[in-house]
2 protein chains.
Amino acid sequence: MAQNLPYVLVLGPPLTYSEFQPRYSSSYNFLNLSSSPLPLLQFLAAHRVHPSSIRAILCNPLQRVTADVLRSLPSLGVVITTSVGTDHIDLSECRRRGIRVATAGGLSTEDVADLAVGLLIDVLRRISASDRCVRKLIRFEFLNLPLGSQVGGKRVGIVGLGKIGMEVAKRLEAFGCKILYHSRSKKPSVSYPFYSSIVELAASSDVLVVCCALTEESHHIIDRKVMLALGKDGVIVNIGRGALIDEKELVQCLVEKEIGGAGLDVFENEPHVPKELISLDNVVLSPHAASMTLESFNHTMEIAAGNLEAFFSNKPLLTPLLDD
Amino acid sequence: MAQNLPYVLVLGPPLTYSEFQPRYSSSYNFLNLSSSPLPLLQFLAAHRVHPSSIRAILCNPLQRVTADVLRSLPSLGVVITTSVGTDHIDLSECRRRGIRVATAGGLSTEDVADLAVGLLIDVLRRISASDRCVRKLIRFEFLNLPLGSQVGGKRVGIVGLGKIGMEVAKRLEAFGCKILYHSRSKKPSVSYPFYSSIVELAASSDVLVVCCALTEESHHIIDRKVMLALGKDGVIVNIGRGALIDEKELVQCLVEKEIGGAGLDVFENEPHVPKELISLDNVVLSPHAASMTLESFNHTMEIAAGNLEAFFSNKPLLTPLLDD
């Protein structure tokens, strides 16, 4: 390892770190704290690296970048996260200390929309349930199959018609679905029917696709009333955030067959999934993976590498959140 | 049960028979042979029905309508199957005896295309595999997930660009896929790139969607050479017929990771599924369900009822295969 390469403290490795590290090890000395049981300062001492030698942190959302960490590294100049969000980083401490922060930029709207449509088809056509059934029997019996429902002609109510919602709508139109939507306000440029009331949207829909942002107003926007309005054959797809749905009520409605099914990529208490859902055949459970594809990971890695390079050559960050 | 209602011999009940029977029991005396262990003539005797009282058969593809059966029923006038195909009916004996035959008409092209796209998204995005993983753990760990691949930008080679292939193409265009195709001949009205060689199509594709008819020429059209041309990241979706693919080679290519994955609705030896596939995470197994939706079943039932009514009121059948 060349001694004159700049140190990068890896505080929570990116998901594709095993590819990333060797690719850039000729440019940086990576110090992977997450692979060590030691606390930060002991870890650095064990590597004979003085805290003031660390100028860059690479992190992911599973590892918090606290004020304590930031204060331990007097020469720290940049925190580069491979996530879109920055909840795990103490941004005010970064601001106070003039530490620059770079994110992964925008997530792949298309990937998220693709998964939403995949979950919708899966729930309606019982793909995962059938796959489970076939794997158990190593054969199939025509008379004992979970019978799916047609995708075409379904009225799909989109909750939050932003970039992702528009991509979902575009895809579902090609299947012959009818698109309706609810948003904070009617979009003048959009011809899909607008519902100011989420309950009325649900009553007019066969499927709800939840893809709005989680805010104080949208917390539990899908409550029991909405689910009952959606009805016994209704399906809910959630690729937004878990807390957009009252999960306790959702579980009850699914168990009691007050709604027909659900395709869920997000949950209120991640990474935990309500255990009542595990035994249900009309539910598809996805591990918050809507934006997780090999291609988007590689893109994220390229951006992280670009931000490292920009920082160490005193250029503006590619995807700055804080960059004075 | 009114004694003057016409008898309908149910020889293999339609899948939604439990709904169908009560709905039409005021019009017909249904005699459900498939619910009895007795052979035909003993079954009729047990019901005190003379074989010459049977003028109509209702059947599905799981029960053969042999020359023996046809000869046992001297007054038989019609065989109504709830399937599109008629392989299970001795058509030449029907022709010889002047027995009319009605099918379910055409299957739902859209339903089949929807499942093809559902399988494609599922394999690429690892939906069923992730669902399996989440159900096992009742939680998910970000670092141990099956990582999917983007749908957008994929080059999808459609093998057989008929009605179903065109519907598949229409849907995938909305996801930003690039469509290529192989058919017996170039379609003058289609602008997608045409490949006369299936191996060249595979070499230029990330995904193959197999949806051509099974003929002598198309038997094993997807052989080892095609799979190797498709390559290690390549995915095969089959919603045509099992024998379009050399299944033994497919299994080997999947096990040895010569191709990336498969979404299979059809198999060479149905209802059996190759047991080697059961343990693979990059495969989605569907029980020949591409055209099976509640809506298409209901439609099929309406057609069967319409054919029964047409026959007993001496009108032309709705969906005749033989109707002199």
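Quick caveat: nothing in here was measured; it's all calculated off a predicted structure.

Visitor: Hey, could you go over the sheet that holds strand β1 (residues 7-11) of chain A for me, with residue numbers and the actual values?
Guide: Residues and elements named next belong to chain A. With respect to topology, six strands assemble into an open sheet ordered β2-β1-β3-β4-β5-β12, the strand pairing being mixed. Here the strands that pair on one side only, and so sit at the sheet edges, are β2 (29-32) and β12 (320-322). When strand polarity is set aside, the average angle formed by the axes of neighbouring strands in this sheet is 25 degrees. In terms of strand pairing, β1 meets strand β3 (residues 54-59) through five bridges, oriented parallel. The residue of β3 that forms the bridge with Leu11 is Cys59.

Visitor: Can you lay out the sheet that holds strand β10 (residues 261-264) of chain B for me, pointing to particular residues and giving the numbers?
Guide: All names here are of chain B. In spatial order, the strands read β7-β6-β8-β9-β10-β11; together these six strands make up an open sheet with parallel pairing. Each of the sheet's edge strands pairs with one partner strand only, and the pair in question is β7 (178-182) and β11 (283-285). Taking the axes of each pair of neighbouring strands and ignoring which way they run, one obtains an average angle of 15 degrees across the sheet. Two elements, strand β6 (residues 155-159) and strand β8 (residues 207-210), share four bridges in a ladder whose sense is parallel.

Visitor: Got a sec to walk through the state of the cysteines? Specific residues and values, please.
Guide: By definition, a disulfide is the covalent link that joins the sulfur atoms of two cysteine residues. Residue and element names in this part refer to chain B. One pass over the full model with this rule turns up zero disulfides over all chains. Unpaired in this structure, Cys59 has its nearest cysteine sulfur neighbour in Cys94, at a distance of 9.0 Å. Residue Cys59 is classed as buried on the basis of its relative accessible area of 0%.

Visitor: Describe in detail the relation of the copies chain A and chain B, supporting the description with residues and values.
Guide: Superposition record for chain A on chain B: RMSD 0.1 Å, screw rotation 180 degrees, translation along axis 0.0 Å. In symmetry terms, the pair is related by a two-fold rotation axis. Taking C-alpha positions as reference, the residue of chain A nearest the rotation axis is Ser128 of chain A, located at 2.5 Å. The share of interface residues of chain A whose copies in chain B are also at the interface is 100%, consistent with both copies meeting through the same surface.

Conventions and cut-offs
- Here the residue numbering is sequential within each chain, running from 1 through the sequence in written order.
- To read the labels, note that chains go from A and ligands from 1, taken in the order they are written.
- The predicted origin of the model limits local features to residues at a pLDDT of at least 70 and limits the giving and counting of side-chain atom pairs to 80 or more, whereas totals for whole chains, interfaces and linings rest on all residues.
- The side-chain quantities take in all heavy atoms of the structure and omit both hydrogens and water.
- The pairing criterion for strands is at least two bridges between them, as found by DSSP.
- Numbering of helices and strands runs from the N terminus; a helix is a DSSP stretch of H or I covering at least four residues, while a strand is a stretch of E covering at least two.
- The angle between two axes is taken between their N-to-C directions and runs from 0 to 180 degrees, where each axis is a line fitted to C-alpha atoms and a helix contributes only its stretch in contact.
- Two cysteine sulfurs form a disulfide in these notes if their separation is within 2.5 Å.
- Each residue's exposure class comes from its accessible area (1.4 Å probe, protein chains only) as a fraction of the maximum for that residue type: buried when under 20%, exposed when over 50%, partly exposed otherwise.
- Here the copies are superposed with least squares, the fitted atoms being C-alpha atoms of residues at a pLDDT of at least 70 in both.
- The contact criterion used is simple: two residues touch if any of their non-hydrogen atoms lie within 4.5 Å.

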